[in-house]
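Chains, contacts and geometry: an overview
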Amino acid sequence: MTALINADQLEKSLGSAQPPTLLDVRWRLGGPPGIADYLAGHIPGAVFTDLARDLSGAPGPAGRHPLPEREAFEAAMRRAGVRAASPVVVYDAADSTAAARAWWLLRYFGHPDVRVLDGGYAAWTAAGHPVETGEPAPPPGDFTAVPGHAPMLDADAAASTAQAGLLLDARAAGRYRGEVEPVDAKAGHIPGAVSAPTADNVNDDGTFKGPAQLAERFAKLGAGPEREVGVYCGSGVTAAHEVLALELAGLPDAALYVGSWSNWIADPARPVATGAS
């Protein structure tokens, strides 16, 4: 089963005997909150899922968007109507950078059937499918969150992967090089990491590039089935998007450093590199 679903496939599945639970994960770094976009229009039946509230723990030394506690994530998913035996489809505005966070978390906590709407809400409306306003009240879900179903890195493991395997930095290249840092207190990257902006995984309309294109991209960066691969970004959000892209490329075992750069720099003893390598 592919990790993606397109707009026409989703529209058809909504009328099936077992329609998916829909999570609207529209979010922008720096705001405004995605709830305003959701209330203005969303895919029928979709429940808004707040990235900071439902898909992250409290910000602090563990990072700006650390892993949520198991109990809190389970409660959020049950409020949204997520059921263990029903498929889930997640989407955001277009490029899946926020939706991939929900995809990864649901996978990590053990949901067996979760997909991302390729091209997001923009693809849905471009296909002429209906939208609705207001907030549905789904019946409570029964999903039980059991952690550990996807590989994850902490800071020490990320440092080790950068030296013994391949650690990809999913942020924009300027942030990797330390030329700009719009969010975090320090600029630069984890020593040994390789710049791999996640924006290069998608087309201009926000849909993912094809598996062959993605496989070629990651092969040029040094990724392969025989090599341990980890991914980080600023706070673990766009890194999940890169993990999804790696899976589409045929590399399903990439590990996510959830705390990412915002956790790395919380310890002043950790080294920081700048420049192109």
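This text follows the structure it describes.
Our subject in this report is the structure included herewith. (Residues numbered from 1 in each chain as written. Predicted model: local features only at pLDDT ≥ 70, side-chain atom pairs only at ≥ 80, totals over all residues. Heavy atoms only, no water.)

Structural notes on the overall build of the protein chain
Looking only at helices and strands, one finds eleven helices and ten strands in the protein chain. Dimensions of the protein chain, computed from C-alpha atoms along their principal axes, come out at roughly 50 × 40 × 30 Å. Going through the 277 residues of the protein chain one by one, you find that 51% of them count as buried. At a minimum sequence separation of 6, the contacts of the protein chain that also span at least 24 residues come to 77%. Per element, the accessible surface of the protein chain, about 11600 Å² overall, is 54% carbon and sulfur. (Helix = DSSP H or I, 4+ residues; strand = E, 2+ residues; numbered from the N terminus. Buried < 20%, exposed > 50% of the residue type's maximum accessible area, 1.4 Å probe, protein only. Contact = heavy atoms within 4.5 Å. Areas by Shrake-Rupley, 256 points an atom, 1.4 Å probe, with all protein chains shown as cover.)

Considering the pairing of strand 9 (residues 229-232)
Side chains V229 and V231 of strand 9 all project onto a buried face; the interleaved residues G230 and Y232 project onto the opposite face, where all are buried too. Relative to strand 10 (residues 255-257), strand 9 is paired through two bridges, and the arrangement is parallel. Note on strand 10: the bridge partner recorded for V231 is L256. Taken together, strand 9, helix 10 (residues 238-248) and strand 10 constitute a β-α-β crossover, and its handedness is right-handed. (Pairing = 2+ DSSP bridges. Right-handed = clockwise from strand over helix to strand, strands pointing away.)

Quick word on the nonpolar core
Residues V90, W104 and L106 are the most contacted members of the largest nonpolar core, which totals 54 residues. Listed by contribution, the elements that provide at least two residues to this core are helix 4 (70-79), strand 4 (88-91), helix 5 (99-108), strand 5 (114-117), strand 7 (166-169), helix 9 (211-220), strand 9 and helix 10. When residues of this core are assigned to their parent elements, the largest contribution, eight residues, is made by helix 5. Once residues within four sequence positions are removed from consideration, L106 is found in contact with L23, F73, M77, V82, V88, V90, H111, V114 and F143. Among the nonpolar cores identified, the runner-up in size contains 14 residues, and L153, Y176, A255 and W261 belong to it. (Core = buried A, V, L, I, M, F, W, Y, C linked by side-chain atoms within 4.5 Å.)

Looking at the sheet that holds strand 1 (residues 4-5)
Taken together, the five strands give an open sheet; going across it, the order is 1-5-4-2-3, and neighbouring strands pair in parallel fashion. Both outer strands of the open sheet, strand 1 and strand 3 (47-48), are each paired with one neighbouring strand and no more. Both strand 2 (residues 21-24) and strand 3 contribute to a ladder of two bridges, which runs parallel. Its bridge partner lying in strand 3, D24 is registered against F48.

A word on the pairing of strand 5
Here strand 1 runs beside strand 5; their pairing, made up of two bridges, is parallel. For L4, the partnering residue across the bridge sits in strand 5 and is V116. Bridge count for strand 4 against strand 5 is three bridges, and the pairing is parallel. Following the sheet pairing, V89 is matched in strand 5 by R115.

A look at the pattern of salt bridges
Considering all chains together, one arrives at 18 salt bridges under this definition. Residues R177 and E179 are paired through a salt bridge, measuring 2.8 Å at the closest nitrogen-oxygen approach. Its salt-bridge partner being E216, residue K220 comes within 3.5 Å of it at the nearest N-O pair. Taken together, the residues span about one helical turn, with K220 and E216 both in helix 9 at a distance of four residues. For E216, a relative accessible area of 46% puts it in the partly exposed group. Connected through salt bridges with shared partners, the residues R64, D169, R171, R175, E181 and D184 form a single ionic network. (Salt bridge = Lys/Arg side-chain N within 4 Å of Asp/Glu carboxyl O.)

Focus on helix 9
Taken together, the buried positions of helix 9 are L214, R217 and F218. The buried side chains of helix 9 occupy one side of the element, clustering within an arc of 90° when seen end-on. With respect to the buried face of helix 9, the exposed residues turned more than 90 degrees away are A212 and K220. In this structure, the buried residues of helix 9 make contact with strand 7 and helix 10. Phi for G222, located one or two positions after helix 9, is positive at around 105°. (Arc of directions from axis to C-beta.)

Topic: the side chain of H42
For H42, the location among the structural elements is in the loop between helix 2 (35-40) and strand 3. Overall, H42 belongs to the buried group, its relative accessible area being 0%. From its side chain, H42 meets the backbone oxygen of Y38 in a polar contact 2.9 Å long. Apart from residues no more than four positions distant in its own chain, H42 is found in contact with D24, R26, Y91, Y121, V131, E132, T133, G134 and P136. (Polar contact = N/O pair within 3.5 Å; in protein donor to acceptor, adjacent residues only side chain to side chain.)

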